[in-house]
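Architecture and fold: a report
For reference, the chains in residue letters:
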Amino acid sequence: MPERLKVCIDRVLPSDRMRFHPTVRRGGTVRAIIPIGKLWMNGSTLRVRFIGGTAAQRATAREQALWWTQHANLNFVFNDAPDAEIRVAFDSNDGAWSYVGTDNRGIAFDQPTMNLGFLDGGTAGHEFGHAIGLAHEHQNPAGGIEWNEATVIRDLSGPPNHWDEATIRHNVLNKYRADQIRGTAFDPDSIMLYFFPGSWVKSGVGTHANEVLSAVDKAYVASAQAYPKTAPTVVDAVALKVNATRRTSASIGKPGEEDLYKFNVASGGTHIVDTRGPTDIVMKLFGPNSHTSVIAEDDDSGVDTNALIRADLIPGEYFVQVRHYNRARGTGSYTVKVRRP
Ligand SMILES: [Zn+2]
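Only a predicted model underlies this, so the values are computations on that prediction, with no experimental measurement involved.

1. Topic: the pattern of salt bridges
In a structure, side chains of opposite charge can pair up when their charged atoms sit close to one another. Taken as a whole, this structure holds 11 salt bridges when the rule is applied. One salt bridge connects Asp155 with Arg154, and the closest N-O pair in it is separated by 3.2 Å. Using a relative accessible area of 11% as the deciding quantity, one classes Asp155 as buried. For Arg154, a relative accessible area of 57% corresponds to the exposed category. In this structure, the salt-bridge partner of Glu258 is Arg323, at a minimum N-O distance of 3.5 Å. Here Glu258, found in strand S11 (residues 258-265), pairs with Arg323, found in strand S16 (residues 316-324); they are 65 residues apart in sequence, far enough to count as distant. Looking at Arg323, the relative accessible area reads 3%, which means it is buried. Each of Arg47, Asp83, Glu85 and Arg105 takes part in salt bridges that share partners, so that together they form one network.

Given below as structure tokens:
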């Protein structure tokens, strides 16, 4: 095993782990980079708390996190807030890993959401890529990687990883199902692609370690499918009125695009937010009085491919993120409404 083989774990919550399927898709235009529904709202400010670490380690983490915000419409604030969205530990015995995107808010505040057990090259940049919602590029179904499974399992079962087979399948061998992700062609220069040796793949051609953002990484996080600087942000969210007489009309123009809404709950109780129309979208509800605290997410609970969230809400301000689910269809007009049943 080469000494530099330090493989990252992108930690996924159990409900999502069940959705992974080892589907191989060839020659497609879809790319595994963002698992559906893990993106923060455009324009979000994510607070970062460091748990331990030397001044030099913290400086490296901070510097590489900011690689992303030069291109993505997100802000990182390194204020060590107790309830920071991103909580970074530096445990040298725990490898490098991170939860993905909004899943970070599902983790108890006294736990780290990221570990930087080593900081070689662009490791912190890679892990902060997960924190903003990016997945592993080598799990891209458009990449067409055919693994030598026995070799991969043998190498990663041993030191320094000591992973069990399920972990190896999750982190390396399994690919995201093509309809769960969005993107373009496989990017061999992506920082989200990890180094692996030629012996791991049938082609015998391994990858090089990518230690800076690729041109595609930069363009992608700045695109309509991720965090465009030219698009409305959470600050510009369209106001919805609870129990409005008319449904609010909107449209999704480009695949992957998002629309943002907000509403006020004056008196607590059950609320239902839903979309209607031919669009295929995923919806997330954030709040109260927070644009990063995820209350619920939904894909297809509404009519056809529409989303519906039913939640008990206390008084406060709430945000709704409506994202196009990337398939060939499902852009166009839709309506949204929040009501009390
Ligand atoms: Zn990773």
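2. Examining the packing of helix H4 (residues 149-157) against helix H5 (residues 165-173)
Two numbers describe how H4 lies on H5: the axes approach to 10 Å, and their chain directions differ by 115 degrees. The chirality of how H4 crosses H5 is right-handed. Taken together, the residues of H5 that come into contact with H4 (itself represented by Glu149, Val152, Ile153, Leu156 and Ser157) are Glu165, Ile168, Arg169, Val172 and Leu173. Across the contact of H4 with H5, the residue classes break down as 6 nonpolar, 1 polar and 3 charged.

3. A word on the sheet that holds S11
The strand order across the open sheet formed by 5 strands is S9-S11-S16-S13-S14, and the pairing between neighbours is mixed. Either end of the sheet is taken by a strand with one partner, and the two such strands are strand S9 (238-239) and strand S14 (294-298). By the bridge criterion, 8 bridges tie S11 to S16 in an arrangement that is antiparallel. Bridge pairing links Glu258 to Arg323 in S16.

4. Comments concerning the packing of aromatic side chains
The tally for this structure, following the rule as stated, stands at 8 aromatic pairs. With centroids separated by 6.3 Å and ring planes inclined at 40 degrees, the aromatic side chains of Phe76 and Phe78 adopt a geometry described as tilted. Note on Phe78: relative accessible area 23%, which makes it partly exposed. Among the aromatic residues, those joined into a ring-pair cluster are Phe50, Phe76, Phe78, Phe90 and Phe128. The ring of Phe78 carries Arg62 above its face, with NZ or CZ at 5.6 Å from the centroid.

5. Looking at unusual backbone geometry
A cis amide bond, omega -10 degrees, links Gly287 with the succeeding residue Pro288. Looking at the secondary structure, you find Pro288 in the loop between strand S13 (281-286) and S14. Residue Asp80 is not a glycine yet carries a positive backbone phi of 55 degrees. Structurally, the position occupied by Asp80 is in the loop between strand S4 (75-77) and strand S5 (86-89). Not every positive phi belongs to a glycine, and Asn289 is a case in point at roughly 55 degrees.

6. Things to note about the environment of Phe128
By the secondary structure assignment, Phe128 is in helix H3 (residues 123-131). In this structure Phe128 comes out as buried when scored by relative accessible area, which is 0%. Sequence separation of Phe128 and Arg62 is 66 residues, and the distance between their C-alpha atoms is 9.6 Å. With sequence-adjacent residues up to four places away left out, Phe128 is seen in contact with Val48, Ala61, Ala65, Trp68, Phe76, Ile86, Val88 and Met114.

7. Describing the environment of Ser190
Relative to the elements of secondary structure, Ser190 occurs in the loop between strand S8 (181-182) and helix H6 (215-221). For Ser190, a relative accessible area of 0% gives the class buried. Note: C-alpha distance between Ser190 and Ala209 (19 residues apart in sequence) is 9.2 Å. The residues contacting Ser190, other than those within four sequence positions of it, are Glu137, Asn210, Ser214 and Asp217. For Ser190, the side chain forms a polar contact with the side chain of Asp217, separated by 2.8 Å.

8. Concerning the nonpolar core
With 28 residues, the main nonpolar core has Trp68, Ile86, Val88, Phe128, Ile132 and Tyr227 as its most contacted residues. Per-element tally for this core: the top contributor is helix H2 (residues 55-69), with 4 residues. Dropping the residues within four chain positions of it, Ile86 is found in contact with Trp40, Leu46, Arg47, Val48, Arg49, Asn104, Thr113, Met114, Phe128 and Ala131. Ranked by size, the runner-up nonpolar core spans 22 residues in total, among them Val242, Ile252, Met283 and Ala296.

9. A few points about the side chain of Thr113
Along the polypeptide, Thr113 turns up in the loop between strand S6 (96-99) and strand S7 (114-116). Among the residues examined, Thr113 registers a relative accessible area of 0% and is labelled buried. Polar contacts involving the side chain of Thr113 include one to the side chain of Asn104, which spans 3.3 Å. Apart from the residues lying within four places of it in its own chain, the contact partners of Thr113 are Glu85, Ile86, Arg87, Trp97, Ser98, Tyr99, Asn104 and Ile107.

Calculation criteria
- Residues numbered from 1 in each chain as written.
- Predicted model: local features only at pLDDT ≥ 70, side-chain atom pairs only at ≥ 80, totals over all residues.
- Heavy atoms only, no water.
- Salt bridge = Lys/Arg side-chain N within 4 Å of Asp/Glu carboxyl O.
- Buried < 20%, exposed > 50% of the residue type's maximum accessible area, 1.4 Å probe, protein only.
- Helix = DSSP H or I, 4+ residues; strand = E, 2+ residues; numbered from the N terminus.
- Axes fitted to C-alpha atoms, helices over the stretch in contact; angles between N-to-C directions.
- Left-handed = near helix turned anticlockwise from the far one by under 90°.
- Contact = heavy atoms within 4.5 Å.
- Nonpolar A, V, L, I, M, F, W, Y, C, P; charged D, E, K, R; others polar.
- Pairing = 2+ DSSP bridges.
- Phe/Tyr/Trp six-rings, centres within 6.5 Å; stacked < 30°, edge-to-face > 60°.
- Lys NZ or Arg CZ within 6 Å of the ring centre and 35° of its normal.
- Polar contact = N/O pair within 3.5 Å; in protein donor to acceptor, adjacent residues only side chain to side chain.
- Core = buried A, V, L, I, M, F, W, Y, C linked by side-chain atoms within 4.5 Å.

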